[in-house]
Amino acid sequence: MKTMQKTMSALLAVLLLVSAVTGCKAKEKTYEEDGFSITMSEGFTKKDLASVTYYYESTDSLLTVLKEEFTLLESVGITKDSTLDEYIAAVEANNQTEFSAAKDGSNGNYKYFTYTNTANGKDFFYLGTIFKGSDAFWMCTFACELSKQDKFESQFLSWADSIVID
């Protein structure tokens, strides 16, 4: 009888531990737009920002999504045959910002780079991801305060892995 009580107590302790750990995990939500979807934590709000295609904001991070169609990029020498690296080089030159060396995303569907910048007196960390769709390049840029880079960098990459582009 005592062995059964010990076993039940141990089982109850394990169940409480598992439920406590899984209860702390942030809930995820898939955000879908025309030609684009991403799975991120709940709590992002879609807002309008004139300079991008889609914009999502939470209390401590944000995501901008810019779709640039090949026909519009031809004037700067970027076509449907251009590579992700060629597009990244054009974006870097246009923004006059130095990016880290581009790396392949873990699922092989995109390339990413990082940079920092100061806006409104605060330092920010940015992780830009580049995808090539059927009719456009897509630049999805995550951002947070620089002091939160360690918290968010791997999370941003995980979210980027979930992006689906038409």
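Residues numbered from 1 in each chain as written. Predicted model: local features only at pLDDT ≥ 70, side-chain atom pairs only at ≥ 80, totals over all residues. Heavy atoms only, no water.

Over its 13 residues, helix α4 (residues 149-161) runs 18 Å from end to end, which matches the ideal 18 Å to within 8%, given 1.5 Å per residue. Within the sequence span of α4, burial applies to Phe152, Phe156, Leu157, Trp159 and Ala160. Mapping the buried residues of α4 onto a view down its axis gives an arc of 160°, with all of them on the same face. Turned more than 90 degrees from where α4 packs its buried face, Asp150, Lys151 and Ser154 sit exposed. (Helix = DSSP H or I, 4+ residues; strand = E, 2+ residues; numbered from the N terminus. Expected span 1.5 Å × (residues − 1). Buried < 20%, exposed > 50% of the residue type's maximum accessible area, 1.4 Å probe, protein only. Arc of directions from axis to C-beta.)

What follows covers the pairing of strand β8 (residues 122-132). A large share of β8 lies buried, amounting to 8 of its 11 residues. Judged from the 9 bridges that link them, strand β7 (residues 111-119) and β8 form a sheet pairing that is antiparallel. The residue bridging Tyr115 from the neighbouring strand is Tyr126, located in β8. Between β7 and the antiparallel strand that follows it, β8, lie 2 residues; Asn120 among them carries a positive phi value of about 50°. In terms of strand pairing, β8 meets strand β9 (residues 136-145) through 9 bridges, oriented antiparallel. Paired with Thr129 across the bridge in β9 is Cys140. In sequence, β8 turns back onto β9 through a hairpin of 3 residues. (Pairing = 2+ DSSP bridges.)

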